[in-house]
Structure formats: structure tokens, C-alpha cells
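Notes for the structure review
The residues making up each chain are set out below.
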Amino acid sequence: MWFSNQIIPWYQKNLRKLPWRETKDPYKIWISEVILQQTRVDQGLPYYHNFLKAFPTIQKLAIAEENQVLKLWQGLGYYSRARNLHTTAKQITTKRNGHFPTDYHDILKLKGVGTYTAAAISSFCYGKPYPVLDGNVYRVISRVFGIYDDIDSPAGKKIFSDKLSILINVKQPGLFNQAMMEFGALQCVPGIPNCNKCIFKAQCHAYNKNVINQLPKRSKKVSIRIRYFNYMMINDNNSFFLQKRTKKDIWQNLYEPLLIESDKVLNRKEIMSTKEWMRLFSKGIVLKNASKVYCHKLTHQTIFARFWVIKSKGPVKIKELRKIKQSEIKNYPMSKLIETYIDNISVNNCLK
Ligand code: SF4
């Protein structure tokens, strides 16, 4: 109880005023939690406002075009989150008459909803004592209580979850969960926190044993996949030819120019010798200007991309491609990488 008695008043004094903290509407809480997965609050805030402006209710989200949903998500990454939101909104509208489930286990059954989001919605909206467990919470608990178990292992996760089940304030679970997350985000931060100003200075294991940098323990190393993208830019009278990425891969259902993927950066001759080039293009089509090599980092992948302008004597006919006027390009969802390139060429007018 001492823990909860200290962290809740700390939260009430230090909390950031955020719009999702002023509502108990499960739809709004759900949107905020999904946006904030893998995203900082300052980065997620405008997305939250724009999303709810476009789709103020679950029914509005359900009837939206997928392109519109993905467009509003553009730049946030992890686009499967947006696709899952859209699918789930449709399911809730058709199968549950538009009513968001109130039971933790029913919430957990929704597509894309894991234990973290289900616990957040259950505790914030319905006052149910399900503890949230995210990176911030692991950090706080491991440091204060000196828990050295691996947060990437199922056994380690269970130890943290059991600990939180004891610590949670069952009368104010929503407030307790918010306090834990905010304390990890503002006070017990990764790296070197300001322990001298911390309310747990006297009790904190990590501070008193000088092991702050050793906690939490994790075994998983993020392995980064390196990929090389050669994009073929085809233009025609201020229109671009783009295709939809349909495969199960990054950026699914987003738009991009024709792509030839390779295992290294290719020069002009090498690209024109690839099987993909020969399948796509007939003779008389050549590569003209090449952009610089863009380096685009995602959590698990680093992409080196170069954009080539295609020059053709006649029209290029490839069934996957859609001709999109430059004035309409902003209606199509695309990755930050493609957006940056298109913005650059629009400014420099260099696609000639
Ligand atoms: S004393 Fe330092 S390490 Fe311990 S909880 Fe406070 S900020 Fe975190």
C-alpha cells in the first residue's frame, strides 16, 4: 500500500494534461492507447486529434475508406495498428451494435488488442483492477523492487504481473495505472534518471545498490534487417504511377512507385539486368536520373532506397500501376520515405 500511497499523489501533482485523460469513452481511450504504442506522447497527440476529428465515433470509423484511415496514420508507422482499428470498428458496429465491450476478456478478443490495451481500457473506463504492464512499468518495478528477472521471458513477465497484482490500488486502478505509466515516462526514465528528486529514493533498490543501469534485465536483442529498395519513378504530364503494396510486409496497402528490391545498392546497369526489370519493361525504356540513397530506419529494418526516373519513348503499361495526378497524390497513404521523396521532387521540380 505504501507504494500506491506515494505514486498516486505524485501523479496528481505531476500529470500532464492530456485529452484522453479527460474522458472515459472506451472508443477514445482505445484510439489513444493504440496510437501511443511505439509512439511518444508529443508525436501521437496531433494524430489523436486528427483521427477523432475525422472519425468521432466508432461507427464513423467503421464506414471510412481504408485509404482515409491509413492516410491519417501516415508517419506513425506500424500501419497494421490502423488496419486493425478499422477492422475492429467494423466488427463492433456490425456484431455488437456499435457498443464497445465492457468485459476485460471480451476486449482482449478484439483484433490487435493485447493485455496492455485491454487492461488500460478496463481500468480507465470501467474501474477494473487489471494492471498495465509496458516498458515504463517494467522499468519502475524492476528498479524499485530489485527484480532481475528477464522481462522478455514468459516466466519473467509473470513475476512482474504477479507483483503488480499485489501493488495495484483496487479502489483506484485507473489512477494507479496512469500513475505508473507517467512515473516511468517522466521520472524513472531510461538511462540516468534524476534520483535525487525521486519520491522512492529511500526505498529504491536500484538507487541504493547503484544498479540503475542494469535494470530492467532483458535478453532479446533487436535484430535489424537491412533492405535495398530501387524505386522506378514513372511520370506523365504531372501524374505519378504508383502501385499498392499488397503483400504481407511493411507498409501493406500503402502506395509507392514500382519497386525492385535487391541485396545491395545497384547501379543503372545492374538494375537493367535484373529479372524484375526484364519482366516489367520492354526495350527502349531506360533509367534516367538517380536520386541520392535515402536511409530510412524502422524499428526492425533499415532501408536504403534510391529513386530512378524512367524514360520511355511510348507509354509504360504495367497493370499494377495506378496513374495519380500530382494534385491528388496527397489523398493516397504512403510511407514517410515515399512522402519525403515526393515532397522533395515537388519542391525542386526535378522529375523531368
Ligand atoms: S530512485 Fe531513481 S531509479 Fe529509483 S525509482 Fe526513483 S528515479 Fe527510478
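The structure displayed is predicted, hence computed values, not measured ones.

1. Remarks on the layout of surface pockets
For the largest pocket, the calculated volume is near 1,500 Å³. Surrounding the largest pocket, 46 residues form its lining, Gln37, Gln38, Asp134, Gly135 and Asn136 being those nearest its centre. Where the lining of the largest pocket is concerned, the elements lending two or more residues are α2 (26-36), α3 (41-54), α6 (80-95), α8 (115-126), α9 (135-145), α10 (154-167) and α11 (173-186). Per-class residue counts for the lining of the largest pocket are 18 nonpolar, 15 polar and 13 charged. Computed from the structure, the second largest pocket encloses a volume of approximately 640 Å³. Considering the residues around the second largest pocket, the lining is formed by 26 residues, among which Gly77, Tyr78, Tyr79, Ile250 and Trp251 are closest to the centre. Elements represented by at least two residues in the lining of the second largest pocket include exactly α6 and β7 (294-297). Ranked by the residues each element gives to the lining of the second largest pocket, the list is headed by α6, at 5 residues. Residue composition of the lining of the second largest pocket, grouped by class: 6 nonpolar, 13 polar and 7 charged. For the lining of the second largest pocket, the two domains that each supply at least three residues are domain 1 (2-214) and domain 2 (225-348).

2. Some words on the site of the ligand
Close to the ligand lie Arg143, Val144, Gln187, Cys188, Pro193, Cys195, Cys198, Cys204, Tyr207 and Ile212. Placement of the ligand is best described as lying within the largest cavity. The class makeup of the residues in the shell around the ligand is 8 nonpolar, 1 polar and 1 charged.

3. Describing the environment of Lys288
Take Lys288: it is sitting in strand β6 (residues 285-290). Exposure remark for Lys288: the relative accessible area of 30% places this residue in the partly exposed category. Placed 24 residues apart in sequence, Lys288 and Ser312 show a C-alpha to C-alpha distance of 9.7 Å.

4. Section: the packing of aromatic side chains
Enumeration according to the criterion identifies 24 aromatic pairs in this entry. Here Phe307 and Tyr341 contribute two aromatic rings whose centre-to-centre distance is 3.7 Å and whose plane-to-plane angle is 5°, an arrangement assigned as stacked. In this pair, Phe307 is assigned in strand β8 (residues 301-312) and Tyr341 in helix α15 (residues 336-348), connecting sequence segments 34 residues apart. No difference in accessibility class separates Phe307 from Tyr341, as the two residues are buried. An aromatic cluster is built from Trp2, Phe3, Trp10, Phe145, Phe176, Phe183 and Phe200, whose rings are joined through pairwise contacts. We note Lys163 situated over the ring of Phe145; from NZ or CZ to the ring centre the distance is 4.3 Å. In this arrangement the basic side chain of Lys292 is found over the ring face of Tyr294, its NZ or CZ atom lying 4.6 Å from the centre.

5. Quick notes on empty space enclosed by the protein
Within the structure shown, the criterion is met by 3 cavities of 30 Å³ or more. Along its surface, the largest cavity is lined by 15 residues, and Cys188, Pro193, Cys195, Cys198 and Cys204 are the ones closest to its centre. Looking at the lining of the largest cavity, the elements that each hand over two or more residues are α9 and α12 (205-208). In terms of residues, the lining of the largest cavity owes the most to one element, α9, which gives 3 residues. Within the lining of the largest cavity, the residues separate by chemical class into 12 nonpolar, 1 polar and 2 charged.

6. Some points on the side chain of Gln74
With respect to the secondary-structure elements, Gln74 resides in the loop between α5 (66-73) and α6. For Gln74, a relative accessible area of 9% gives the class buried. Here Gln74 is in contact with Tyr47, Tyr79, Tyr332, Pro333, Met334 and Glu339, once residues within four sequence places are set aside.

7. Overview of the domain arrangement of the chain
Domain annotation for the chain reports domain 1 (2-214) and domain 2 (225-348). Computed from C-alpha atoms alone, the centre-to-centre distance between domain 1 and domain 2 is 37 Å. Contacts between domain 1 and domain 2 engage 9 residues on the former and 17 residues on the latter. Of the roughly 990 Å² buried between domain 1 and domain 2 on both sides combined, carbon and sulfur atoms contribute 46%.

8. Let's talk about the environment of Ile63
Relative to the assigned elements, Ile63 resides in the loop between α4 (58-62) and α5. Look at Ile63 and you get exposed, because its relative accessible area is 70%.

9. Focus: the nonpolar core
Grouped together as the largest cluster of nonpolar side chains are 94 residues, with contacts concentrated most on Phe3, Trp30 and Ile31. Take this core: its biggest share by element is 7 residues, from α8. Both domains that furnish three or more residues to this core are identified here as domain 1 (2-214) and domain 2 (225-348). Trp30 has contacts with Ile58, Leu85, Thr88, Ala89, Phe100, Val113, Thr117 and Ile121, leaving out every residue within four places of it along the chain. Counting residues in each nonpolar core, the second largest holds 17 residues, with Ile260, Ile285, Leu287 and Ile318 among its members.

10. Brief notes about the pattern of salt bridges
Evaluation of the coordinates by the stated rule reveals 15 salt bridges. For Arg16, the salt bridge identified is with Glu182, shortest N-O distance 2.7 Å. Here Arg16 is found in the loop between α1 (2-14) and α2, whereas its partner Glu182 is found in helix α11, with 166 residues between them in sequence. With a closest N to O distance of 3.3 Å, Lys336 and Glu339 form a salt bridge. Remark: Glu339 and Lys336 occur in helix α15; sequence separation between them is 3 residues, near one turn of the helix.

Calculation notes
- Throughout this description, residue numbers start from 1 for each chain and increase along the sequence as written.
- Selection of residues for local features in this predicted model requires a pLDDT of at least 70, selection of side-chain atom pairs for listing and counting requires 80 or more, and totals for whole chains, interfaces and linings are taken over all residues.
- For the side-chain quantities, the full set of heavy atoms in the structure was used; hydrogens and water were omitted.
- Only protein atoms enter the 1 Å grid used here. Points where a 1.4 Å probe fits but cannot escape make up a cavity, open sets with protein on both sides within 12 Å along at least five of seven lines make up a pocket, and a residue lines them when an atom lies within 4 Å of a point.
- Grid points are joined across faces, edges and corners, and a volume is the space filled by probe spheres set on the points.
- Numbering of helices and strands runs from the N terminus, with a helix taken as a DSSP run of H or I at least four residues long and a strand as a DSSP run of E at least two residues long.
- Under the scheme applied, nonpolar residues are Ala, Val, Leu, Ile, Met, Phe, Trp, Tyr, Cys and Pro; charged residues are Asp, Glu, Lys and Arg; polar residues are all the others, including Gly.
- Source of the domain bounds: an automatic or database domain assignment.
- Proximity criterion: a residue is near a molecule or strand once any of its heavy atoms comes within 4 Å of it.
- For a cavity or pocket, the test is whether more than half of a molecule's atoms lie within 2 Å of its grid points; if they do, the molecule sits there.
- The rule is simple: take the accessible area with a 1.4 Å probe, protein chains only, and divide by the maximum for that residue type; under 20% is buried, over 50% is exposed, in between is partly exposed.
- When two rings of Phe, Tyr or Trp (its six-membered ring) have centres within 6.5 Å they constitute a pair, described as stacked for plane angles under 30 degrees, edge-to-face for angles over 60, and tilted for the intermediate range.
- The rule is short: NZ of Lys or CZ of Arg within 6 Å of the ring centre and within 35 degrees of the ring normal puts a charge over the ring.
- Whether two residues are in contact is decided by their heavy atoms: any pair within 4.5 Å suffices.
- Summed over both partners, the accessible area (1.4 Å probe) lost when two parts come together is defined as the buried area.
- Only buried residues count toward a nonpolar core. Its members are Ala, Val, Leu, Ile, Met, Phe, Trp, Tyr and Cys residues joined through side-chain atoms within 4.5 Å.
- When a carboxyl oxygen of Asp or Glu is within 4 Å of a side-chain nitrogen of Lys or Arg, the pair counts as a salt bridge.

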